[in-house]
Amino acid sequence: RGMRSIVGLLTGGVRAIGRVGSVVACHAGGLGFLAWRSTLAVLAGRVAFKDFIAQTYAIGVQSIPLVLVTATLSGVVTSQQGGYQFTGSVPLYVLGSVVVSSVVLELGPVLTAIVLIGRVGASIAAEIGTMQVSEQIDALYSLGRDPVPVLAAPRIFAGVIAMPALVGIANAVGVVAGMIAAQLTVNLGSESFLYGARMFWHSYDFTEKTSFDIFEG
């Protein structure tokens, strides 16, 4: 009886893992297929330019206030904490490298992505869900129109365009906010701040993070 219980537990665990893996694989396959159909729709010129502009405005421009707030706070907090830890132990110009690297490589892209997921993702999910419930998507099928070029493709590629732009804005604002905070808290001048930022900066960091931003979008 004890062996049967152990075998039952193991079997149940394997089944649970299999179910979870199957759901994840189905979702990943569906997302990949949707991205492929959206790409084909854009390349074929089936996406209305006005829809793309409208979604770019909704995703990008209307997200700027939240991006500015999160970027400013990330730069200020990083500068304050770094200045507190470095005072009396290492040269203060190193703070410039810490702030720039933290904001540009991690905080800027991650926090911007979280803002877009929370604001834009919820909005799109609610809008598409409402259209599905009210049978508006079925109406498109009945009229012989593919919903992907009308609904999915403009939003996907607007996100691909808006995300790197928003991250660039967040990085610039976060670095400037960190530099001002360093001046006010530890009396680190902008020249010393930028000297430390340039000392430990690598050109390939920008290329790598830009590619990652496009993928996040």
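Look up a bit, the structure's there.
One structure accompanies this document, and this report is about it.

Conventions and cut-offs
- Residues numbered from 1 in each chain as written.
- Predicted model: local features only at pLDDT ≥ 70, side-chain atom pairs only at ≥ 80, totals over all residues.
- Heavy atoms only, no water.
- Helix = DSSP H or I, 4+ residues; strand = E, 2+ residues; numbered from the N terminus.
- Rg over C-alpha atoms; globule rule 2.2 N^0.38 Å.
- Buried < 20%, exposed > 50% of the residue type's maximum accessible area, 1.4 Å probe, protein only.
- Contact = heavy atoms within 4.5 Å.
- Arc of directions from axis to C-beta.
- Phe/Tyr/Trp six-rings, centres within 6.5 Å; stacked < 30°, edge-to-face > 60°.
- Core = buried A, V, L, I, M, F, W, Y, C linked by side-chain atoms within 4.5 Å.
- Polar contact = N/O pair within 3.5 Å; in protein donor to acceptor, adjacent residues only side chain to side chain.
- Expected span 1.5 Å × (residues − 1).
- Bend = angle between axes of the 7 residues up to and from the residue.
- Patch = residues over 30% accessible without salt bridge, like charges linked within 9 Å, V, L, I, M, F, W, Y side chains within 5 Å.
- Areas by Shrake-Rupley, 256 points an atom, 1.4 Å probe, with all protein chains shown as cover.
- Salt bridge = Lys/Arg side-chain N within 4 Å of Asp/Glu carboxyl O.

1. Quick notes on the overall build of the chain
Regarding its fold elements, the chain presents eight helices and zero strands. Reading the helices (α) and strands (β) of the chain from amino to carboxyl end gives α-α-α-α-α-α-α-α. Relative to the compact-globule value of 17 Å for 217 residues, the chain shows a C-alpha radius of gyration of 24 Å, a clear excess of over 25%. Taking the principal axes of its C-alpha atoms as reference, the chain extends roughly 65 × 65 × 30 Å. Burial statistics for the chain: of 217 residues in total, 30% are counted as buried. Considering only contacts within the chain whose residues lie at least 6 apart along the sequence, 81% involve residues at least 24 apart.

2. A closer look at helix H2 (residues 49–59)
The periodicity of an α-helix, 3.6 residues per turn, causes residues three or four positions apart to be oriented the same way. All buried positions along H2 are accounted for by Gln-55, Thr-56 and Ile-59. Each buried residue of H2 lies within a common arc of 105 degrees when the element is viewed along its axis, so the set occupies one face. Looking at the packing, one finds that the buried side of H2 touches helix H4 (94–133) and helix H6 (147–185).

3. Overview of the packing of aromatic side chains
Counting across every chain of the model gives two aromatic pairs. Seen in terms of ring centroids, Phe-49 and Phe-52 are 6.3 Å apart; in terms of plane orientation they differ by 35 degrees. Their pairing is tilted. One end of the pair, Phe-49, and the other, Phe-52, are both in helix H2, three residues apart, so they sit about a helical turn from each other. The class of Phe-49 is exposed, set by a relative accessible area of 60%.

4. Side note on the nonpolar core
Leu-95, Val-100, Val-175, Ala-182, Leu-188 and Phe-193 are the most contacted members of the largest nonpolar core, which totals 14 residues. Ala-71, Val-120, Leu-166 and Ala-170 belong to the second largest nonpolar core, which has 13 residues in total.

5. A few points about the side chain of Thr-78
Counting through the fold element by element, Thr-78 comes out in helix H3 (residues 64–86). Among the polar contacts made by the side chain of Thr-78, one reaches the main-chain carbonyl oxygen of Ser-74 at a distance of 2.7 Å. Contacts of Thr-78, omitting those with residues within four sequence positions, involve Leu-95, Val-98, Val-99, Ser-102 and Leu-107.

6. Focus: H4
Its 40 residues give H4 an end-to-end C-alpha distance of 55 Å, which sits within 8% of 58 Å, the value for a rise of 1.5 Å per residue. The sharpest bend along H4 comes to roughly 50 degrees, located at Val-103. Glu-135 sits one or two residues past H4 and shows a positive phi near 65 degrees.

7. So, the side chain of Gln-55
By the element assignment, Gln-55 lies in helix H2. Its relative accessible area of 16% is what places Gln-55 among the buried residues. For Gln-55, the residues in contact, after removing those within four places along its chain, are Gly-60, Pro-154, Arg-155 and Ala-158.

8. Brief notes about a nonpolar patch on the surface
On the surface, Phe-33, Trp-36 and Leu-40 cluster together to form a nonpolar patch covering roughly 350 Å² of accessible area. Note that Trp-36 resides in helix H1 (residues 2–43).

9. Remarks on unusual backbone geometry
It is generally the case that most residues other than glycine have a negative phi and that most peptide bonds are trans. Non-glycine residue Glu-135 carries a positive phi angle of around 65 degrees. Considering the arrangement of structural elements, one finds Glu-135 in the loop between H4 and helix H5 (136–142).

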